[in-house]
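Notes for the structure review
These are the residues of each chain, in order.
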Amino acid sequence: MDVEDRRSPSDRCGPLDVHLSPREDTEDGPGDEIFKAEDPDLPPDLDWLEELSEEDDSEGDDDGDLAVMADSGKKRSYAETARMFKLRRNLDQLDCFHQQKEHDVLKAREKRKLCQQNIQSLLEQRDNLEREIEQQKVTDNSVALFRLRAQHRHLGERLQSEEELEGHISTELKQLELELSEVEVELGRCSLLRREVQEEEQRFQVLKAQKAAARMQRERKTSQNLQHKMKNLRDKQAAVLKKEETECQKKIEEGRASRKIAAKYLKQTIKRMHQQEAEREKQNRELLEKRIEAVQSLKTNIEATQENLRVQQNRARANAQKKEQQQRQLRESLQAQGINSIKHMHLQKQQQEIKQKEGEFEESQKSKRVEIVSKILQEEQLINKKQRKQALLPKPSTTDKFLSLRRASEMLPYYLDPIPPSATEERDTIQIRDLGDTSSSSASSACSDAEDLEETEDSEEKVDHQIRTDSLAEPEFSGLWNQHNKKIPNEKTTLVLTKVRQEEPPMTSGKLNVTAKRILGKELKGPPFRSKPEVIHFKDFEVGKMYKKKIVLTNISYTVNNCKFLRVSTHLKSFFTINFQPPASLSTGMSCDMQAIFQPMINEDLEGELHFASALGPFSVPVRCTVKKCILEVDSQFIDFGSHVVGHTISRTITLTNKGALATLFNLDTSTCLSPETSYVQMPPQVSANTCKTSSQNIASNNQNSPESTDAGDVQSKQQSQELSAGLQREQSEGPKAVPEACLSSDVDTEIDQSPSDTSDIRLGSVQEGEIGPFESVKLEILFTPSIPGETKLDFHIKFSDKTSKPIPIHVRGVAVSIPVWVLQPNIDLKICMFDRLYQDSIMVQSRASTALKLTFEVCLEMRKHMEILPKTGFIQAQSSFSAQLKFIPRRSLSKDAKKLFDSDTGVLEVPMTVQVAGQVQPAHFTVHAIVTSSDLQFDQSEVDFGYCSIYQSVKSSIRLTNLSLLPQDFGFLGVPEFIEVQPNDGFGTLLPQESLQIDLIFSAKIAKEYNFQLSCKSGINRDFLLSCRAVGIHPPLALSHFLVQFGATAVGDQSTAILFLSNHQTDRDQNRQPVSPGVKAPVMPRLFSFALPEDSDISITPSAGRLLPGERCLVQVTFKPRLLDQEIKEEALRRLHRAKLLCERELEGNRLAEQEAKKEIPLESSKGKKASVNPKHSKVSDEPKTETETESPDPVDFVPGPFNTLYVKLQCPAVQPPLVVISNNGCNTINFHQVAVGDRVIKRFTVQNISQESLDLSSSVLDMNGPFSLLNALRCIRPGEKHTLILAFSPTVEKKYWDMLEVQSQKMTLGMTLLGEGIVPAVTSSHTGGLLDFGCVLEKETASQVVKLQNSSAVAVGFRALLASLSPFRPQGAADRVAFLLDRYANAHVQPTVGTQNYSGLSVFSVVPVEGSIAPGQSQEFTVTFLPDHPSVNYSDKLTIELMNRSKVCVMDLKGAASSHNMYLRGGDLLTVPVESLLPSVIPGPPLLTESESPTIPLLVTLQASSNSGAITPAVRELQVGCICSSQASKKGGEFHWDNVVTLQQQGFNVEPSKGNVDPGQRRTITITWTPLTGYKPYEVVQMCAPLTIKGDEVSVYRVTLMALVSTTAD
């Protein structure tokens, strides 16, 4: 640890945290003492020392130790080193403590010295004050004496406190000096220890330097090793980079090869895309036309509907008017007849309502009857279904019960409805009853196994449920059928069905179904009698003929038995007759005969039973009657022709046999899709999967699950099936258009497309349709003529006119083998070729012959100039191949030579080629395909003129280079001069087919001269294309220091500034630099300049114009202040709204598709269609900073711009998102305080927000210290997303407009705020001009008010306040303003002080309302001044000042008033006392003591001075006012007055007018006193008279008026 690095003592000053403990040392003697810490452990701040010691120990003996002594090689212990640092720290703390104590002693001494000076000054003031008191005692000035004594007392108190403070400070100083002495003693004791520590520190520094040198040597070694390692690592990295470059080059070559391979599919892809686009456009146009037609038709329908509605409304309106007119006429006619029209019309209305109700009742009755009949019919259907279930049982009793119930239900509607049912209802009832009988009989015969029974139950339950859900009408009363059908039949049916399932096994193959029994200990299985035949089968019967059969019944039981014929099945009674004579008893093995006669009446299959009874139980013999049918079959459904050579014809024959007794028509159908009727045909396993097997199975499953298939006896189901089959036959007869959509899968589409080529080889023979009779056979021939090598298939069906016969599928297969010699690649595609270029390919010929054959290659005549095959003739060996070389060099004359083979518009070439083989009739053909294109590169202009170009600037000219070829071509501009630049990519690149690329030619003139040159563009096949260029270089008179200014990223709302220099360095030598242009010379002269900015740019230049002398330079400041325009904000809002709409539409579309997919849980009969994927168009939003490039040109105001006097500067201005934005005031950076009255203060706030991701430390610029704007709050650091509000104040002092700029600064930007405001002097006038406002005299404790009005004529609101002098805080206290009156320093007795007598209650005598407020522009404000005295006095006065907020005074009024205890008062005369309350005794002696009879008199002095001028004397005139107060407290009577001793006054020249009179309430009378000197008047003689004046009111007051008159030459 360095000594220099230690902290100063002042930094660690504080209380001592160590204790001093003396310790005797054997070496230093007993007198030395050291510091010892209480805690033996190392302090936290010295922990590093222990780590350093451990590190030194680990380094070994060669490195030394921190504790090694400088003078010896011994190691220092860790404890000694730690002790040294502890001692240094303790000594530093002791020094700090000593300095602190010295500072405290000095501070205490300063305090004591200052206190002593204060005591000395107070003593001097006390002496001076005592001298003044002595002087005032001599002058007997009690007021001043009182004041001085108070000051003397105050000085004494202060002196005493200062002396006490001095004693306290002295005591504290002594204590501090004692502590300082103790610290100095401690320092003296530690002096030896300090020297020891210094020596140890010096040794430690030497040791540390040695340590640093050793460490530096080790670091050098480490650095050398590290450099060696880095060198090895760089070598390895270089090897790895070289390897990566090799691999990268290899990948690039592979990529180029793959691109070349992929280029051949480009044209096909483009063509297919164009076709798809055309198809989509066509579909869109058709859809749009359909929509337009639908909209037009809808519009037409709407118009027609509206027209109909208008017509109906007009008709209804006309009918209503007509009806009202009829009613009016009827009313008039009834009134004319004398009948009450209102009553008559009311009766008619009632009659109409009764008729309407009757009609509604009848309709309701009919509807109820219909509901009852429909309910009965539904219940009949339910009964029929239950009868069908019960018909399965052998018990006939249940059927009889159901029949009786059914008859009862049929007769019920006749009893309910007295009106017989209509023919339609009766027909429906009979039909339903017949259907019930038929279905019951068919169900009893068809339910031969348990599965059919369950299916029947399920279907009937579905029908029942459907009927219940369809029927919502309820009958008015419940019938018996509800009870029986819902309870009894269901229970019995359930019991019987359960017994059938448990005991009777199902009857199969027509055998009898009888329960097994035990007889004589042996179990009898089956029926007791056996029938021969087991099933009575009448086969192929015809209607109208009679058929007979003999049946033998044999007793097969183990006992003697007998039999008895019971009945035939119900539906067979009309067709069968049984001749049977039952024998008495038959032993076991005995038999009897029976004859069955069958006479059919209908052409349908019939099934039933003959029921017999025996001793062991009933049994039955099944009966089956079948009509004539077609039984068709073929000997083979799959024909395989095998392999045959192309060109041969092979024949195969299949035999169609009819084993039935019914003839039918047949035809061969080659369509690949089966109709729904073919779904039952058992397909062989060899059938291909492309025959719509899936759809047929789906149709079969649907037909098996349908209710019609389960009920064979249902007439309606048969009719529907017949209609369905007939419709399908019509669809089949219509041809391929009627193929169901279920078979249009992608695989089937492929086969349909291939069917013409496949079926051309396999065809049917001459017999494709005809008639096959009963038990006949027909031969059908199939031919196979292969034309193309490969496998050929044909699937066709044999269809029949018989509806019950299913089509028979036939599958044919054959393989065609090619000719012995053929070309392996029949289509040779040379891809895209260029003119005059050589292209080669090989032609491979293969032979399977067993001998060698001669080959001859033939090229058509048109292509012999362009195409050649080498060799032209050759021999191909047996079972081998032969290769020939094809050379193709397309010439420019190809379009003329081969017009039929070459399309000049598309460039497509197709050349058919032939290979003649000796001994082979059919030659081998192949075709050569190619697309021939040009290799030209074309410029859009032949010459480029750059015009005039300054040597300081560059001129850019754009040209377009077009690739006319169908292949990509590389290009490059070679040999480009140094004064021109070609971009992009320095003039190198690749052009895609038919692509045009814009190339920028940038010309930069080096010197002023004319330039003519050519640019050479070379293609990838080494073709040159030249472009001529010319330009003129000029030298402008002015020059800019920089022609490119790149601003940094500037936030929106901030600004960036750049400095340029514009110089005019033109001299006489510069004239020769101009190019050779006739008559163009720039003279040496001052130059004017002007900068022209683009419109609506964020750039400003200062100065924008000016004048430069030759050799002069001007500084130009360019400022970039980006802003966000309203149009850009609106466009961004529209983009976001559009994006949100797109997202919403996509979400809705996705939800709709998801719903559709959820609904398609069960696979339908659909093909494998491709789903069109919806690819949303992504709008590309750039997040990069916005960069603007501005080009400035001069404004042609004073000169015409030309190439010689025009300079350009390029500005790159990136604008970025601001971290700090204004969110108040709609984001506006201008704060306008508008108009403010001078002297007023307006406060406004604006809020900023941190929208960046970092915290911002805000600071502000300094506003004008003498200006009106001020910032009232401090700025702080705001975190991301936080807001801060700034408070600004505006207080103008002068009438003018103000402008200032406040910059809110942060680390990343400076946000400028523009402050605007205007100071206006308020124009406020008062209705009172100022001066005296006299309230007169009022009674005590009553009020008097007056109104003052202020009018604001200015354009701003003005604040005001009303100030009373009595309430002013700056008014001198203790009546100090009245001292002048008390000391007789006033000359005019009529002058009164500003604030007069006040109320005893402490309330103000005068009050103003309102005290303060604001007056709107053009408005006025009224002030009410109220006078409220509480005791009689004539000296009430105050001063009212109305001033504005800017301290300007509108008006100043002196308020004056008087109060009296009586209603009569007298005013006038001279003052006998001062107008204020005084401490001095009254000048006028008090009145003498009066007797009870005498009333007190009030003295009044009236002085009259007559003027004398040139011997003429003007009489003196004075006036007195006698008034009567009008008050609510006093009586409404007036008062009176009169003078006494008037005659005496007249003798002395005094005249009083009037001498007496009356005064009304609220009025005052003026008494005029005139004095005219009598003759013999002596100058300067005072005439004095005393006359009493009596005033009578509510009380009588007597005034003792003293009149003093004299003549004065100075009196006015």
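Rules used in this analysis
Every residue gets a number counted from 1 within its own chain, in the order that chain's sequence is written. Totals for whole chains, interfaces and linings use all residues, but because this is a predicted model, local features are given only for residues with pLDDT of at least 70 and pairs of side-chain atoms are given and counted only at 80 or more. Processing note: side-chain calculations cover all non-hydrogen atoms of the structure and skip hydrogens and water entirely. Between N-to-C directions, angles cover 0 to 180 degrees, with each direction set by a line fitted to C-alpha atoms, over the stretch in contact for helices. Strands are runs of DSSP state E lasting at least 2 residues, helices are runs of H or I lasting at least 4, and numbering of each runs from the N terminus. Throughout this description, any angle smaller than 35 degrees is read as roughly parallel, any larger than 145 degrees as roughly antiparallel, any in the 65 to 115 degree range as roughly perpendicular, and the remainder as oblique. Here a crossing is called left-handed whenever its near helix is offset anticlockwise from the far helix by less than a right angle, and right-handed whenever the offset is clockwise. Throughout, a residue-residue contact means that at least one pair of heavy atoms, one from each residue, lies within 4.5 Å. Any residue that is not Ala, Val, Leu, Ile, Met, Phe, Trp, Tyr, Cys, Pro, Asp, Glu, Lys or Arg is counted as polar, Gly included; the first ten are nonpolar and the last four charged. Geometry of aromatic contacts follows a simple scheme: Phe, Tyr and Trp rings, the Trp one being its six-membered ring, pair when their centres are within 6.5 Å, and the pair is stacked under 30 degrees between planes, edge-to-face over 60, tilted otherwise. Exposure is judged per residue with a 1.4 Å probe applied to protein chains only, and the accessible area is read against the type maximum: over 50% gives exposed, under 20% gives buried, and values in between give partly exposed. A positively charged side chain is recorded as over a ring if its NZ (Lys) or CZ (Arg) lies within 6 Å of the ring centre. The angle to the ring normal must also be within 35 degrees. Whenever Lys or Arg places a side-chain nitrogen within 4 Å of a carboxyl oxygen from Asp or Glu, that contact is recorded as a salt bridge. Like-charged residues within 9 Å of one another, or nonpolar side chains (Val, Leu, Ile, Met, Phe, Trp, Tyr) within 5 Å, are grouped into patches, provided each residue has over 30% relative accessible area and no salt bridge. Each accessible area is a Shrake-Rupley estimate made with a 1.4 Å probe; only the visible protein chains count as cover when residues are assessed. Confidence per residue, as judged by the predictor, is encoded in pLDDT with a range of 0 to 100. Criterion used throughout: strands pair if DSSP finds at least two bridges between them.

**A short note on the packing of helix H2 (residues 78-139) against helix H4 (residues 191-263)**
Between H2 and H4, whose axes approach to 10 Å, the crossing angle comes to 130 degrees. The orientation of H2 with respect to H4, classified from their angle, is oblique. Note on packing geometry: the crossing formed by H2 with H4 is left-handed. Listed contacts from H4 to Thr 81, Arg 83, Met 84, Phe 85, Leu 87, Arg 88, Leu 91 and Asp 95 of H2 are Leu 193, Arg 194, Glu 196, Val 197, Gln 198, Glu 200, Glu 201 and Phe 204. Its residues placed into classes, the contact of H2 with H4 shows 7 nonpolar, 2 polar and 7 charged.

**Things to note about the packing of aromatic side chains**
Taken as a whole and judged by the stated rule, the model has 33 aromatic pairs. Each ring, one from Phe 979 and one from Tyr 1011, has its centre 4.9 Å from the other, and the planes form 55 degrees; the classification is tilted. Of this pair, Phe 979 sits in the loop between strand S34 (969-974) and strand S35 (980-983) while Tyr 1011 sits in strand S38 (residues 1010-1019), and the two are 32 residues apart along the sequence. We note that Phe 979, like Tyr 1011, is buried. With centroids separated by 5.1 Å and ring planes inclined at 75 degrees, the aromatic side chains of Phe 1003 and Tyr 1011 adopt a geometry described as edge-to-face. Linked through ring pairs, Phe 529, Phe 565, Phe 580, Phe 612 and Phe 619 together constitute an aromatic cluster. A cation over an aromatic ring shows up here: Lys 1244 above the ring of Phe 1233, its NZ or CZ 5.7 Å from the ring centre.

**Digging into unusual backbone geometry**
A cis amide bond, omega -5 degrees, links Val 1409 with the succeeding residue Pro 1410. Residue position: Pro 1410 is located in the loop between strand S64 (1406-1409) and strand S65 (1412-1415). Look at the link from Glu 1553 to Pro 1554: it is a cis peptide, with omega at -5 degrees. Structurally, Pro 1554 is set in the loop between strand S74 (1550-1553) and strand S75 (1556-1559). One non-glycine residue, Asp 986, lies in the positive phi region at around 55 degrees.

**As for the pattern of salt bridges**
Inspection of the entire model under this criterion finds 34 salt bridges. Here Glu 943 ties to Arg 1030 by a salt bridge, and the two come within 2.9 Å at their closest N and O atoms. Of this pair, Glu 943 sits in strand S32 (residues 943-950) while Arg 1030 sits in strand S39 (residues 1024-1034), placing them 87 residues apart in sequence. Residue class for Arg 1030 comes out partly exposed when judged on its relative accessible area of 36%. In this structure, the salt-bridge partner of Arg 1030 is Asp 945, at a minimum N-O distance of 3.3 Å. Remark: Asp 945 occurs in strand S32 and Arg 1030 occurs in strand S39; sequence separation between them is 85 residues. Its relative accessible area of 43% is what places Asp 945 among the partly exposed residues. Sharing partners across several salt bridges, the network here consists of Arg 88, Asp 92 and Glu 201.

**Concerning a nonpolar patch on the surface**
On the surface, Leu 226, Met 230 and Leu 233 cluster together into a nonpolar patch covering about 260 Å² of accessible area. Within the fold, Met 230 resides in helix H4. A relative accessible area of 37% means that Met 230 is categorised as partly exposed.

**Observations concerning the confidence of the model for the protein chain**
Counting all residues, the mean pLDDT for the protein chain is 76, and 74% of those residues have values of 70 or more. Counting interchain partners and residues more than four positions distant, the pLDDT-below-50 stretch residues 1-42 has 59 contacts. The model gives residues 1161-1199 a pLDDT under 50, and that stretch makes 68 contacts with residues more than four places away or in other chains.

**Notes on the sheet that holds strand S59 (residues 1310-1320)**
Overall, mixed pairing links the 4 strands, which are arranged S51-S59-S58-S54 in an open sheet. Each end of this open sheet is capped by a strand with a single partner; those strands are strand S51 (1230-1237) and strand S54 (1259-1260). Sheet topology note: the S54/strand S58 (residues 1297-1305) ladder contains 2 bridges and is antiparallel. Along S58, the bridge assignment pairs Ser 1260 with Val 1304.

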